[in-house]
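Coordinate analysis (summary)
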Amino acid sequence: MHSEILKNEEGKNAQKSSLQFVEYMKKNLGLLDYRKTESTQKTKKNFVFIIDEINRGEVAKIFGELFYCVDPGYRGEKGRISTQYQNLVTSGEFQKGFFIPENVYIIGTMNDIDRSVESMDFAFRRRFSWIEVKASDTVDMLYPSTNENGESTGLESKELADEAKRRMKNLNAAISKIDELNEAYHIGASYFLKLNNYDGDFGKLWDYHLKGILQEYLRGNPNGKLEDLKAAYDKKEELKAGE
């Protein structure tokens, strides 16, 4: 009985603390009260939730009870669960428990060679479909364009993009020749977009961004030399097969 009273007191204290935090957010950070809108389930519109670098933490622990809801077979109200914060929801479609509507799509991005992050739990992996995006798939990002908001994207000129494409291709070909390295270690277009910050100076891009990560690739690997990668990066013509 005594332990049960303690549990009840702990629960009340946790609820009080949570409510105090919500009030603080409202007062100091502009948090708005929940406003009931059209149910996500009742609209035909699809929603996308993007989690960048999803493997930067222990995903199973971060998702907690939602681990169950992520499974495509338990989407919608049939997968409804009660979370530890359920007491904070006093109205709306989630009052009786949380669930992920069937028209909500979760996209996670990750770099699977990053040594500083957690590996993905196999049980969590099977809840997603997987698509590999190679460095060569990102080349079009280099070319000047305009997005749907009228904002300029890509590098400042086609000539600069052509040179970036050649250097990127040559560098990645040289990386693939090194034992223990493969396409997963290729340098993608996002690195070369940084040229906009250096007035198209490829030397600064190498010194400030590429050199460091390539040194990490080669650490403890006797089969590769940074000088060879730099030579490929600086080559004026596109490397031919076998070079």
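Residues numbered from 1 in each chain as written. Predicted model: local features only at pLDDT ≥ 70, side-chain atom pairs only at ≥ 80, totals over all residues. Heavy atoms only, no water.

Once that is clear, we can look at the packing of helix α5 (residues 158-176) against helix α8 (residues 226-234). The contact between α5 and α8 brings their axes to 7 Å, and the two run at 150°. As judged from the angle between their axes, α5 and α8 are roughly antiparallel. Considering how the two elements wind past one another, α5 and α8 form a crossing that is right-handed. For the pair α5 and α8, contact is made by Arg167, Asn170, Leu171, Ala174 and Ile175 and by Leu229, Ala232, Tyr233 and Asp234, respectively. (Axes fitted to C-alpha atoms, helices over the stretch in contact; angles between N-to-C directions. Helix = DSSP H or I, 4+ residues; strand = E, 2+ residues; numbered from the N terminus. Parallel < 35°, antiparallel > 145°, perpendicular 65-115°, else oblique. Left-handed = near helix turned anticlockwise from the far one by under 90°. Contact = heavy atoms within 4.5 Å.)

Bringing the environment of Gln215 into the picture now. Looking at where Gln215 falls in the secondary structure, it is placed in helix α7 (residues 202-218). Here Gln215 falls in the partly exposed class, since its relative accessible area comes to 40%. With 11 residues separating them in the primary sequence, Gln215 and Leu226 have C-alpha atoms 6.9 Å apart. (Buried < 20%, exposed > 50% of the residue type's maximum accessible area, 1.4 Å probe, protein only.)

Let us look at a negative patch on the surface. A surface patch of negative charge is lined by Glu156, Asp199, Asp201 and Asp207. Following the sequence through the fold, Glu156 ends up in the loop between β4 (152-153) and α5. (Patch = residues over 30% accessible without salt bridge, like charges linked within 9 Å, V, L, I, M, F, W, Y side chains within 5 Å. Areas by Shrake-Rupley, 256 points an atom, 1.4 Å probe, with all protein chains shown as cover. Salt bridge = Lys/Arg side-chain N within 4 Å of Asp/Glu carboxyl O. Lys, Arg positive; Asp, Glu negative; His and termini not counted. Charge placed at Lys NZ, Arg CZ, Asp CG, Glu CD.)

Summarising the element assignment, Thr138 is placed in the loop between α4 (122-125) and β3 (145-146). Taking the relative accessible area as the measure of exposure, Thr138 reaches 15% and is therefore buried. In this structure Thr138 touches Val133, Met168, Gly188 and Ala189, once residues within four positions along its chain are discounted.

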